[in-house]
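An overview of the molecular structure
These are the residues of each chain, in order.
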Amino acid sequence: MTWGAVIVALWCAVTGINGLDNGLALTPPMGWLTWERFRCNTNCERDPENCISEHLVKSMADRMASEGYRDVGYEYVIIDDCWLASERDQNGRLVPDPNRFPSGIKNLSDYVHSKKLKFGIYEDFGKKTCGGYPGSEFYMQTDAESFADWGVDYLKFDGCNSNLYDFPAGYEAMGFFLNKTGRQIFYSCEWPFYKIVYGHSVDFAAVRKTCNLWRNYYDVEDSWSSVSDIIKFWGNNSDIFNKYAGPGGWNDPDMLILGNFGLSYEEERVQMAMWAIMAAPLIMSNDLRRMRSSSKALLQNRNLISINQDKLGIQGSMIQKQNGIQIWRRELSMNRIAMAFLNENSDGTPRFLSFSLVDLKLTSSTYNFTEAFDMKMSSLVTEQKPLEMYVNPHGIQLFVAREIVA
Ligand code: GLA
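Residue positions are given per chain, counting from 1 as you read along its sequence in written order. The predicted nature of this model means local features are confined to residues of pLDDT at least 70 and side-chain atom pairs, given and counted, to a pLDDT of 80 or more, with totals for whole chains, interfaces and linings taken over all residues. As a convention, hydrogens and water are excluded, and side-chain values are obtained from all of the structure's heavy atoms.

Focus: helix α9 (residues 224-236)
Worth spelling out the cut-off: Counting from the N terminus, the helices are DSSP H or I runs at least four residues long and the strands are E runs at least two residues long. Here a helix's expected span is defined as the number of its residues, less one, multiplied by 1.5 Å. Each residue is assigned to one of three classes by its accessible area relative to the maximum for its type, calculated with a 1.4 Å probe on protein chains only: buried under 20%, partly exposed between the two thresholds, exposed over 50%.
End to end, α9 covers 18 Å across 13 residues, agreeing with the expected 18 Å (1.5 Å per residue, within 8%). Inspection of α9 places W224, S226, V227, S228, I230, I231, F233, W234 and G235 among the buried residues, and these make up the whole buried set.

The following block contains the structure:
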């Protein structure tokens, strides 16, 4: 443990930090975030519409409100890295880049709130953010106070340029300072991700006590290989972290990238359905000003959203994988079960699949299976009659099953 961590640990002991208790995240958060689509584009002269700026954030808030996203539950509008000026001010306070955020963060958050949305921001636990801007090390209390003063509702707290051994005490300390402001601030952490990729073990119970959301794996990128790799990691590690998800705190497989350049329609269906099964945050990163109607319809599909937001908050897991077909299962409220059949194969023709109740580990004699994207087509599956379907390459079928009691 470094001296910094010792000091933070002592501070926690003296002040009686005992975990997160902010009443938030009863279901996975929903919103929009700059990073995957807009990255660290700071060149507003060359690219005024897409650079990280108050203009970009306001125009996304406008679309969230006017294009139906807010009405189906997307509520947070979050700026990721690259919003800061290169130095703190003379009082040690964070300042936004003056050219890109000329009205200041408080005005921007007021604007987002005026659209009946919530406002989120990014900082980093270490000396500098991943993009090289001032980090919160040695300034956590000051920064938590700035965020509260500015009306921030959500903090994404990254872990670049820091000491991995300081994470538990440091992330706890920031949670404490956020709570101490008296403002309800959703707390999203990257603590497990850096630990996992550097081969450290993770105390998920401590993470859950501290954070409302925690990233476990690499950044999502705009491709099928990235999305399917994240799904694979989740499937292979369900036993390790699934049980920590539930009302108050969630595992984070990263942003929804529907509407960008890299996914086909089938692949977009996969991401949306799998994020529902995994009780994942529905935080989009895309350009809401330029959405294909098919992507928008998937993002706003109330049936998928209601599976994602199911109030029991049980994260689904992979129950079988064979010949490139993954079967996933999530227990839902009202004795329903969501089941997904994902075809990873690229061989160009839809796969015919047939499963008995025993294959699906369903123990009663009759179930009603309803296709879950539209909730229009149902069929009975019994001990004599298997569940049958075609699944497109890089595609998915999702059902809600309900036991029929004779
Ligand atoms: C890390 C995070 C990303 C994003 C960038 C910003 O890579 O994992 O989600 O926040 O930093 O620099």
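What to know about the site of the ligand
We count it as follows: Consider each residue's heavy atoms; a residue with any of them within 4 Å of a molecule or strand counts as near. The definition of a polar contact used here is a pair of N or O atoms within 3.5 Å, where within protein one atom must be able to donate a hydrogen and the other to accept one, and adjacent residues in sequence count solely through side-chain atom pairs. Per-residue accessibility takes into account occlusion by the displayed protein chains alone, with areas from the Shrake-Rupley method and a 1.4 Å probe. Polar here means any residue outside two lists: the nonpolar Ala, Val, Leu, Ile, Met, Phe, Trp, Tyr, Cys and Pro, and the charged Asp, Glu, Lys and Arg; Gly therefore counts as polar.
Lining the immediate environment of the ligand, one finds W35, D80, D81, Y122, C130, G131, K156, D158, E190, Y194, R215 and D219. K156 is positioned with one of its side-chain polar atoms (N or O) 2.7 Å from an oxygen atom of the ligand. With the chains in place, 92% of the 300 Å² that the ligand exposes on its own is no longer accessible. Of the residues that constitute the shell around the ligand, the class distribution is four nonpolar, one polar and seven charged.

What to know about the packing of aromatic side chains
Filter applied, for reference: Note on ring pairs: Phe, Tyr and Trp rings are taken, using the six-membered ring of Trp, and paired if centres are within 6.5 Å. Classes follow the plane angle, with under 30 degrees stacked, over 60 edge-to-face and the rest tilted.
This structure, assessed with the given rule, holds 30 aromatic pairs. With 6.5 Å between their ring centres and 40 degrees between their planes, Y171 and Y187 make a pair best called tilted. Of this pair, Y171 sits in helix α6 (residues 167-180) while Y187 sits in strand β5 (residues 186-189), placing them 16 residues apart in sequence. Each member of the pair, Y171 as well as Y187, carries the same accessibility label: buried.

A closer look at the pairing of strand β10 (residues 325-332)
Threshold: Here, strands pair whenever DSSP counts at least two bridges between them.
Counting buried residues along β10, seven of its eight residues qualify, which places the element largely inside the surrounding structure. Examined bridge by bridge, strand β9 (residues 317-322) and β10 share five bridges and lie antiparallel to one another. Looking at β10, one finds that Q322 is bridged to I325. Between β9 and the antiparallel strand that follows it, β10, lie two residues; N323 among them carries a positive phi value of about 50 degrees. Of the strand pairs in this sheet, β10 and strand β11 (residues 336-343) are connected by eight bridges, and their pairing is antiparallel.

Topic: the pattern of salt bridges
Put simply, the test is: Salt bridge criterion: a side-chain nitrogen from Lys or Arg within 4 Å of a carboxyl oxygen from Asp or Glu.
Summed over the entire model, instances satisfying the criterion amount to 27 salt bridges. Taking the shortest distance from any N to any O, the salt bridge between E67 and R63 comes out at 3.7 Å. Residue R63 is classed as partly exposed on the basis of its relative accessible area, which comes to 28%. In this structure, the salt-bridge partner of E268 is R292, at a minimum N-O distance of 2.8 Å. You can see E268 sitting in helix α11 (residues 265-277) and its partner R292 sitting in the loop between β8 (282-284) and α12 (293-299), a full 24 residues away along the chain. Note on E268: relative accessible area 1%, which makes it buried. When salt bridges with common partners are traced through the structure, they connect D80, K156, E190, R215, D219 and D254 into a single cluster.

Re the packing of helix α5 (residues 140-150) against α6
Stated precisely, the cut-off is as follows: Here an angle of 0 to 180 degrees is reported between the N-to-C directions of two axes, which are lines fitted to C-alpha atoms, with helices fitted over the stretch in contact. Oblique is the label for every angle not falling under 35 degrees (roughly parallel), over 145 degrees (roughly antiparallel), or within 65 to 115 degrees (roughly perpendicular). The crossing is said to be left-handed when, going from far helix to near helix, the turn is anticlockwise and less than a right angle, and right-handed when the turn is clockwise. By definition, residues are in contact when any of their heavy atoms lie within 4.5 Å.
Here α5 crosses α6 at 40 degrees, and the two axes come no closer than 9 Å. Classified by the interaxial angle, the pair formed by α5 and α6 is oblique. In this structure, α5 meets α6 at a crossing whose hand is right-handed. Taking contact as the criterion, the partners of M140, Q141, D143, A144 and F147 in α5 are, on α6, G170, A173, M174, F177, L178 and K180. Of the residues contributing to the contact of α5 with α6, the split by class is seven nonpolar, two polar and two charged.

Considering the nonpolar core
In plain terms, the rule: Only buried residues count toward a nonpolar core, which is a set of Ala, Val, Leu, Ile, Met, Phe, Trp, Tyr and Cys residues joined through side-chain atoms within 4.5 Å.
Formed by 113 residues in total, the largest nonpolar core has its most connected members in Y74, W83, M274 and W275. When neighbours within four sequence positions are excluded, W275 is seen to be in contact with V227, I230, I231, P253, D254, M255, L256, A280, P281, L282 and N308. I325, F341, L360 and F399 belong to the second largest nonpolar core, which has 18 residues in total.

Focus on the sheet that holds β8
Pairing is parallel across the open sheet formed by eight strands, whose spatial order is β7-β6-β5-β4-β3-β2-β1-β8. What marks the edges here is a single partner per strand, and that holds for β7 (250-252) and β8. The mean inter-strand angle of the sheet, taken between neighbouring strand axes irrespective of direction, is 25 degrees. As paired strands, strand β2 (residues 76-78) and strand β3 (residues 118-124) are joined by three bridges and run parallel to one another. Opposite V77, over in β3, you have F119 as the bridge partner. Together, β1 (30-33), β2 and β8 form the strand contacts of helix α3 (residues 54-66), whose direction differs from that of β2 by roughly 160 degrees.

All we've got here are geometric facts, nothing functional implied.
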